[in-house]
Amino acid sequence: MRDSVPHNQGDVVKALILAGGFATRLRPLSCTRPKTLFPIVNKPLLQWIFERLSKDGIDEAILAVNALTKFYIKQTKIPKQGLKIKFSVDPPKKPLGTGGPIKKAEKLLGRSEPFIVLNGDIYAEIDYKKLLETHKKTKALATIALCKVEDPCSFGVVELEENKIRRFVEKPARGQAPSDLINAGAYVLDPEVFDYIPKGKHISIERDVFPKIVEQGRLSGLIIEGLWKDIGKPQEYLEANKAVLDTIKNTKKDEKTCFKVNSPSALDKDVSIGEKSVIGPYAIVGRNVKIGKCVSISNSIILSDTEICDYATIKGAIIGEGAHIGESAKINNGCVVGDKVKIKDKVQLNEKTKVCPAKEINF
Ligand code: GDD
Ligand code: MG
């Protein structure tokens with residue numbers, strides 16, 4: 001159901017989704033897909049983002065990407081949820097950072113209404129209507145969604161007074177964070193912000209623009225409630241999936257099966273499971289995965305079209321698309337296996353092993 005957001009009749013509310021980063025920390029999985037298409041409980045992250053924007057009455061999403069990401073997104077055919085979708089592509093071999101793409105999309109965003117900008121690599125239950133309302137009330141130049149985290153140092157950290165941001169420090173050194181309140185990666189910006197960003201340059205909104213707006217006392221913050229997960233690193237990606245899975249209804253137990261699925265787990269369409277296999281808890285299994293007999297999978301994500309042969313064990317790992325896990329193979333905690341990898345029978349991968357796409361691993 002789409003709700004309406006507070007805006008003048010006839011005006012269109014737009015969101016710019018920043019999704020042109022290279023996700024180096026998520027290799028090898030990001031060698032073959034951009035971060036915004038990583039599945040979260042068997043649905044691409046971008047689809048979750050579209051659903052939330054649409055629910056909050058946003059009319060149009062502009063995807064700020066590079067050419068390769070655009071290609072992958074188009075190929076994935078995500079349901080548009082009633083949103084008008086446009087692309088704004090960084091120049092070839094010249095990534096524009098997190099600020100440059102905003103300037104690049106100036107014509108598409110227009111100068112008549114405030115707009116939303118969000119990082120395409122976070123799963124967040126943000127109330128965009130409330131963020132827009134707060135922005136309009138405080139008459140700020142930018143309003144940032146904020147959330148609390150235990151270790152703020154790998155984020156943008158703020159000092160907040162009432163709803164005014166007094167300081168914005170991007171990735172402070174250990175011990176230097178002004179609080180545990182971080183930039184959740186979603187903002188409402190006034191079109192005036194275009195005047196703060198030079199054209200055609202790599203600009204960081206966090207380092208080059210927000211501190212200037214703070215100086216003028218025109219940066220506001222809104223603390224958000226609800227789930228917020230960054231998927232920057234493999235462990236965080238796994239944790240995000242588990243947290244979202246916890247919010248979804250548990251898997252039904254079917255007593256008649258000759259295998260066991262422990263809740264919570266999520267099995268996508270056309271998954272086959274052999275006898276005496278134990279799946280879950282926290283097994284997230286993509287479409288068309290074939291699981292043999294006496295297989296054990298827990299705390300793991302298995303992407304679609306993968307085959308897991310008899311007696312294999314997968315614990316705390318992420319397995320890419322179209323992979324083959326041989327008979328009696330053991331994949332341990334923290335392992336990340338790229339797309340189309342072949343792990344031969346009886347191979348054991350030590351903890352935290354990363355295997356590049358399409359590799360074959362023998363004894
Ligand atoms: N189009 C385009 N071009 N998009 C980009 C580029 C680029 O050159 N570089 C990064 N992006 C996109 C990424 O794809 C991502 O969705 C978003 O911009 C943020 O970039 P990251 O590289 O993921 O930044 P980060 O995670 O280190 O930090 C950011 O996110 C944190 C929240 O997760 C900052 O905004 C922090 O302040 C924030 O706390
Ligand atoms: Mg990020």
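Analysis parameters
- Residues numbered from 1 in each chain as written.
- Chains lettered and ligands numbered in written order.
- Predicted model: local features only at pLDDT ≥ 70, side-chain atom pairs only at ≥ 80, totals over all residues.
- Heavy atoms only, no water.
- Core = buried A, V, L, I, M, F, W, Y, C linked by side-chain atoms within 4.5 Å.
- Buried < 20%, exposed > 50% of the residue type's maximum accessible area, 1.4 Å probe, protein only.
- Domains from an automatic or database assignment.
- Contact = heavy atoms within 4.5 Å.
- Helix = DSSP H or I, 4+ residues; strand = E, 2+ residues; numbered from the N terminus.
- Expected span 1.5 Å × (residues − 1).
- Near = heavy atom within 4 Å.
- Polar contact = N/O pair within 3.5 Å; in protein donor to acceptor, adjacent residues only side chain to side chain.
- Areas by Shrake-Rupley, 256 points an atom, 1.4 Å probe, with all protein chains shown as cover.
- Nonpolar A, V, L, I, M, F, W, Y, C, P; charged D, E, K, R; others polar.
- Pairing = 2+ DSSP bridges.
- Buried area = accessible area lost by both parts, 1.4 Å probe.

Draft legend 1. Broad picture of the nonpolar core. With 58 residues, the main nonpolar core has I17, I40, L53, I58, Y128, W228 and Y237 as its most contacted residues. Shared between two domains, this core holds at least three residues of each, these being domain 1 (14-234) and domain 2 (250-361). Those residues in contact with I40 that lie beyond four places of it in its chain are L45, W48, Y123, I231, Y237, A240, N241 and V244. Judged by nonpolar contacts, the second largest core, of 30 residues, contains L18, A142, L189 and V193.

Draft legend 2. Quick look at the environment of K354. Within the element layout of this structure, K354 appears in strand 30 (residues 354-355). A relative accessible area of 45% places K354 in the partly exposed class. Considered as a pair, K354 and V336 are 18 residues apart in the sequence and their alpha carbons are 4.8 Å apart. Sequence-distant contacts of K354, defined by excluding residues within four places in its chain, comprise R27, P28, P234, G334 and V336.

Draft legend 3. Highlighting helix 7 (residues 234-247). Taking 1.5 Å of rise per residue, the 14 residues of helix 7 would be expected to cover 20 Å, and the 20 Å separating its terminal C-alpha atoms lies within 8% of that figure. All of the buried residues along helix 7 are P234, Y237, L238, A240, N241, K242, A243, V244 and L245.

Draft legend 4. Broad picture of the site of ligand 1. With respect to spatial proximity, 26 residues lie near ligand 1, and among them L18, D90, E170, N183 and E206 are the closest. At 2.9 Å, a backbone N or O of G21 approaches an oxygen atom of ligand 1. A distance of 2.7 Å is found between an oxygen atom of ligand 1 and a backbone nitrogen or oxygen belonging to N183. Across the complex, the protein chains shield 90% of the 740 Å² of accessible surface that ligand 1 would expose by itself. For the shell around ligand 1, the elements supplying multiple residues, two or more each, are strand 4 (60-65), strand 11 (181-189) and strand 13 (228-230). Looking at the shell around ligand 1, its residues break down into 11 nonpolar, 8 polar and 7 charged.

Draft legend 5. Examining the sheet that holds strand 22 (residues 307-308) more closely. Spatially, 16-19-22-25-28-31 is the arrangement adopted by the 6 strands of the open sheet, whose pairing is parallel. Since the sheet does not close on itself, it has two edges, and those belong to strand 16 (272-273) and strand 31 (360-361), each with one partner. One ladder, built from 2 bridges, connects strand 16 with strand 19 (residues 290-291); its direction is parallel. Across the sheet, S272 pairs through a bridge with K290, a residue of strand 19.

Draft legend 6. Spotlight on the domain arrangement of the protein chain. Split into domains, the protein chain comes out as domain 1 (14-234) and domain 2 (250-361). Inter-centroid distance (C-alpha atoms) of domain 1 to domain 2 is 33 Å. Listed as interface residues are 10 residues of domain 1 and, on the opposing side, 18 residues of domain 2. Where domain 1 abuts domain 2, roughly 1,000 Å² becomes buried across the two surfaces, and 70% of that area is made up of carbon and sulfur atoms. Contact with domain 2 buries surface across domain 1, with P28, L29 and N42 losing the most and accounting together for 51% of the total.

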